[in-house]
Amino acid sequence: MGLGLNPSPARGEAGASPRPAQRPPKTLVIRLGAIGDLMFITPVLKGLKALGEEVGLICKPHGRAIFHGSGLVDRLHVWRGEDEAWARSRGGLSGRVAAAWRRAEAVWGAGYDRILILDDIIENHYLWPTRRLEVVAGCREGAWVRQVEDHSPWERGERPFRYDNYYEILIESAGLTGRVAPEPVWRVLPAERRWAAKFKRRRGLIGRRLGVIQLSGSGPNKAWPYWPRFCRSLLAACPDLALVTLGVQADQLLEWGWAEREPRIIPLASRQTVAGQGFEVAWNRLRREVALIEAADLFVGPDSSVLHCAGALATPKVALMTICHARNVLTHYRNCLGLQSEAPCSPCGKLTLDCYRGARTGAILCMERLDPGRVLAASLAALSRSPRGQA
């Protein structure tokens, strides 16, 4: 479960510190990881706010993209480069948690009453049953968590993957089961909606149905090799449809020849337009992409940060699931169909690039085993559920 602890033994016993009765309780949440990892805790933050608590959050810089204007966090404490370096110098899970605790000590003056650790130690505890975590709630030398592991289950030929839903796991860990719905929270701001409407006008998309395609996820291991065939077939089946492609790898995956001459395919980002841009531009782009998905009739893409942000939207979605199982993340997403890879190793829960490459495409096997005809059929069915229907 989540760890609600006072990080400073010098202040007294572990647990909640006394607070004046006139102010609401203040909870400091620790959650590092990528954008999707932060989306998984949005219902927890919503639940804490519903209880009247003030919420602070320690997260990496991209947390600003998610929580900007959300009303879920009262104070954001950004995980800094020196925090990461300190964690790496100590190594492993213990070093990372100890560094997060060190950062918590630095911001404790903001008057927090407790700390809720929701970092990926929680998923590790659930998804890797052979890994045991022993909490040490009183050490001063950074040994806040001691990790004990059996031999790797992969070495024993076992598949330790479990199918628990990440949102439900984190809500249970925070002690909020039954108090908040286990679904992502995302607020599209009025300025972002205006940008999406302007984009559609400038691109001549008014009166057309619009599909948004996320070409890749966190790396080449989430790049589907059949995008050219799929997009060609989808456009042929839907003459009134236009496609916007997302992702910094769009320039690589759009080297299809015909696609460059197809006016109904619009790449929104490429390596050239992203290179050298600052963080503010990057997170602005993410928020605009989600706003465009809200204004679209269809979203298709792999397990990615964009998918997790769009999980709160009503737009019909088709998710290509390989590393994770659909039940891990999609159970509570709105209007979303997950297509699981037919590869025998899927899902595996691994995020490494040492996977077996398929003979036909050179892509990792689980991506190669997602049949384009199956994705096309699901996408056409999703389009029929959009407000514009089959018009």
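Our structure's up above, just so we're on the same page.
Below: a short report on this structure. (Residues numbered from 1 in each chain as written. Predicted model: local features only at pLDDT ≥ 70, side-chain atom pairs only at ≥ 80, totals over all residues. Heavy atoms only, no water.)

A few words on the overall build of the protein. Secondary structure assignment for the protein yields 16 helices and 13 strands. Each of the 391 residues in the protein was classed as buried or not, and the buried ones make up 53%. Across the protein, contacts joining residues at least 24 apart in sequence account for 65% of those joining residues at least 6 apart. Per element, the accessible surface of the protein, about 17200 Å² overall, is 51% carbon and sulfur. (Helix = DSSP H or I, 4+ residues; strand = E, 2+ residues; numbered from the N terminus. Buried < 20%, exposed > 50% of the residue type's maximum accessible area, 1.4 Å probe, protein only. Contact = heavy atoms within 4.5 Å. Areas by Shrake-Rupley, 256 points an atom, 1.4 Å probe, with all protein chains shown as cover.)

The next point concerns helix H16 (residues 372-384). Helix length check: H16, at 13 residues, gives a terminal C-alpha distance of 18 Å against a target of 18 Å (1.5 Å per residue), a fit within 8%. Within H16, the full set of buried residues consists of Pro372, Val375, Leu376, Ala378, Ser379, Ala382 and Leu383. Projected down its long axis, H16 carries its buried residues within an arc of 165 degrees, all on one side. Those residues of H16 that are buried lie in contact with strand S8 (209-214), helix H9 (227-237), strand S9 (241-246), strand S11 (298-302), strand S12 (317-321) and strand S13 (336-340). By the N-cap criterion, in which a side-chain oxygen at the helix start approaches the backbone nitrogen of a residue two or three places on, H16 is capped by Asp371, the distance to Gly373 being 3.1 Å. (Expected span 1.5 Å × (residues − 1). Arc of directions from axis to C-beta. Polar contact = N/O pair within 3.5 Å; in protein donor to acceptor, adjacent residues only side chain to side chain.)

Right, let's talk about unusual backbone geometry for a bit. Comment: phi is negative for the bulk of residues other than glycine, and the bulk of peptide bonds are trans. Positioned with a positive phi, Asn335 is a non-glycine residue whose angle comes to about 55 degrees. Looking at the secondary structure, you find Asn335 in the loop between helix H14 (326-329) and S13.

Two elements in contact, H9 and H16, have axes separated by 10 Å at closest approach and are oriented at 40 degrees. The angle between H9 and H16 falls in the class oblique. With respect to the hand of their crossing, H9 and H16 are arranged in right-handed fashion. On H16, the residues touching Arg229, Phe230, Ser233, Leu234 and Ala237 of H9 are Pro372, Val375, Leu376, Ser379, Leu380 and Leu383. Here the contact of H9 with H16 is composed, by residue class, of 8 nonpolar, 2 polar and 1 charged. (Axes fitted to C-alpha atoms, helices over the stretch in contact; angles between N-to-C directions. Parallel < 35°, antiparallel > 145°, perpendicular 65-115°, else oblique. Left-handed = near helix turned anticlockwise from the far one by under 90°. Nonpolar A, V, L, I, M, F, W, Y, C, P; charged D, E, K, R; others polar.)

Let us now look at a positive patch on the surface. On the surface, a cluster of positive charge is made up of Lys198, Arg201, Arg202 and Arg288. In this structure, Arg201 sits in helix H8 (residues 190-202). (Patch = residues over 30% accessible without salt bridge, like charges linked within 9 Å, V, L, I, M, F, W, Y side chains within 5 Å. Salt bridge = Lys/Arg side-chain N within 4 Å of Asp/Glu carboxyl O. Lys, Arg positive; Asp, Glu negative; His and termini not counted. Charge placed at Lys NZ, Arg CZ, Asp CG, Glu CD.)

The next point concerns the packing of aromatic side chains. If you walk through the whole model with that rule in mind, you get 8 aromatic pairs. Taking the centre distance of 5.3 Å and the plane angle of 80 degrees together, the rings of Phe40 and Tyr167 count as edge-to-face. You can see Phe40 sitting in the loop between helix H1 (35-39) and helix H2 (42-50) and its partner Tyr167 sitting in helix H7 (residues 166-173), a full 127 residues away along the chain. For the pair Phe40 and Tyr167, a shared accessibility class is recorded, and that class is buried. Centroid distance Trp227 to Phe230: 5.7 Å. Interplanar angle 70 degrees. Geometry classified as edge-to-face. Here the residue Trp227 and the residue Phe230 both occupy positions in helix H9, the gap between them amounting to 3 residues, near one helical turn. For the pair shown, Trp227 and Phe230 are each scored as buried. Each residue in the set Phe40, Tyr166, Tyr167 and Tyr333 is aromatic and connected to the rest through ring pairs, giving one cluster. (Phe/Tyr/Trp six-rings, centres within 6.5 Å; stacked < 30°, edge-to-face > 60°.)

You can see Ala314 is positioned in the loop between helix H13 (305-310) and S12. Along the sequence, Ala314 and Asn335 sit 21 residues apart, while their C-alpha atoms lie 6.0 Å from each other. Ignoring any residue separated from it by four or fewer positions in sequence, one finds Ala314 in contact with Arg334 and Asn335.

Moving on, we get to H2. Thr42, Pro43, Val44, Leu45, Gly47 and Leu48 are the residues of H2 that are buried. Buried-residue contacts for H2 involve strand S2 (26-30), H1, strand S3 (54-59), helix H3 (63-67), strand S5 (114-117) and H7. Looking at the residues trailing H2, positive phi occurs at Gly52, about 85 degrees.

Bringing the sheet that holds S13 into the picture now. Within a sheet, neighbouring strands are paired by backbone hydrogen bonds and run either parallel or antiparallel to one another. With respect to topology, 6 strands assemble into an open sheet ordered S10-S9-S8-S11-S12-S13, the strand pairing being parallel. Only two strands of the sheet have a single neighbouring strand rather than two, namely strand S10 (265-267) and S13. For this sheet, the mean angle separating the axes of adjacent strands, direction not counted, is 20 degrees. For S8 and S9, the ladder comprises 6 bridges, and the chain directions are parallel. Each bridged residue has a counterpart across the sheet, and for Leu210 the counterpart in S9 is Ala242. (Pairing = 2+ DSSP bridges.)

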